[in-house]
Structures are given as structure tokens and as C-alpha cells.
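This is what each chain is made of:
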Amino acid sequence: MRTLYVLAALLLFAPAPPAIAQKLSKEEKARQAEEAFKSIRTLIESRAFQIEINRVFPASGKDVSRFNPRGKISINDTLAKGHLPFFGRAYSLPYGESGGIEFDGKIRDEKIKTIEKKKKRSIVYTFSVTGKNDHYQFTIEAAGGNNCTVSLNSNNRAHISYSGTVSPLEKDAKTEKQEH
């Protein structure tokens, strides 16, 4: 009986065998990172994607996450549409203009390039679009995974940055493209 207790105690406190299947080798991690980067690059180069904004970084540096800022940018071939929250200084706006940024127009000055640093690769998509009363210059930077950062410069407002997730364009927006 005593040996049974000793055996049970040894099994209870014995180290578990390493979970080899759960650990990924460096080669496997590199392959997964390469696949994630290729998929995000293909998505951005298709010019049929959307960005759901979930964080805002105004030029003042104040934390505005408590206001639950949400926004969306849709890129559909040569058209860009979006509504974004804005927290910051506006230099010149018409009377009664809402506080957010809204645009729906043709993409101009479009560039897509890949940046490769030591261990980080990212794709940078820049374009400009004219809104109702302003001209906006966007820089979208995405790496592997679906996260991205959006930097926005405007003629009439202070610089502002956003972070969000990139995903394929929803079917409603694709059918809207065919109607234009």
C-alpha cells in the first residue's frame, strides 16, 4: 500500500513531457509570418479592402479611447469612402461642419511599396482623396496579421493617426462598385 502512495505521489509531481506539437520551430514561425504577410499584401494590392478603426491617436497625444472612437475606410478599386472620428485642431472649417472626417471620392497619387527591415516587413499604401471641403493624404501601413496604422494629413486639420484591422471588402460594397 505504501508503494502505491509513493507511486501516486511521483506521478503527481513528475514533470510533464514537453508538448512538442504545441511549440513551433523557427522555420514554422517564419513560414507562418511569410504567409500572413503575403495575404495582407495581396489584399491591399487588390484594392478591395476595408479598415475598421478602433483607436485614435490625435496630435495632442491625449488618450481619447474612453470616447469609444469608431470609424471605417473602404477602398474599392479607384474609390475611397470613409467616416473617421477627429479629435484635434481644425484650422479652417465651414460653419456647422461636423467634428468627424467624411470623404467619398476618387483615389489620387496612389503608391504601394514594401518595406523590409531586419526582422519586420510591412506594406505601405499611400493615396490622397478630396472630401467635401478638404483634401486628405493617407498613409496605411500593415504588417503580417490584420492590424494596421493609418496616418492622415489634411489641409484644414491637424495630423491624426488611427489603428485598426484590415479585412476584405464586404459584399455590399463590392456590388456598389459595379453600380458606379
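Keep in mind it's a predicted model, so treat the numbers as computed, not measured.

Rules of the game
- Residues numbered from 1 in each chain as written.
- Predicted model: local features only at pLDDT ≥ 70, side-chain atom pairs only at ≥ 80, totals over all residues.
- Heavy atoms only, no water.
- Salt bridge = Lys/Arg side-chain N within 4 Å of Asp/Glu carboxyl O.
- Helix = DSSP H or I, 4+ residues; strand = E, 2+ residues; numbered from the N terminus.
- Buried < 20%, exposed > 50% of the residue type's maximum accessible area, 1.4 Å probe, protein only.
- Phe/Tyr/Trp six-rings, centres within 6.5 Å; stacked < 30°, edge-to-face > 60°.

Enquirer: Tell me about the pattern of salt bridges, residues and numbers included.
Expert: Pairing is possible between side chains that carry opposite charge, provided their charged atoms lie close to one another. Throughout the structure, instances matching the rule amount to eight salt bridges. A salt bridge links Glu170 to Lys72, with the nearest nitrogen and oxygen atoms 3.7 Å apart. Linking Glu170 in the loop between β9 (160–168) and α3 (171–179) with Lys72 in strand β2 (residues 71–76), this pair joins segments that are 98 residues apart in sequence. Through salt bridges with shared partners, a single network forms among Glu28, Arg31 and Glu35.

Enquirer: Outline unusual backbone geometry, listing residues and values.
Expert: Unlike most non-glycine residues, Arg47 shows phi in positive territory, near 55°. By the element assignment, Arg47 lies in the loop between α2 (26–46) and β1 (48–58). Judged by its relative accessible area of 22%, Arg47 falls in the partly exposed class. At Asp109, a residue that is not glycine, the phi angle is positive and equals roughly 50°. As for its position among the elements, Asp109 is in strand β5 (residues 108–116).

Enquirer: Give a description of the packing of aromatic side chains that names residues and reports values.
Expert: Evaluation of the coordinates by the stated rule reveals five aromatic pairs. When the ring of Phe103 is compared with that of Tyr136, the centres are 6.0 Å apart and the planes differ by 50°; the resulting orientation is tilted. Here Tyr136 lies in strand β7 (residues 135–142) and Phe103 lies in strand β4 (residues 101–106), a separation of 33 residues in the sequence. Geometrically, the ring pair formed by Tyr125 and Phe127 is tilted, given 5.3 Å between the ring centres and 40° between the ring planes.

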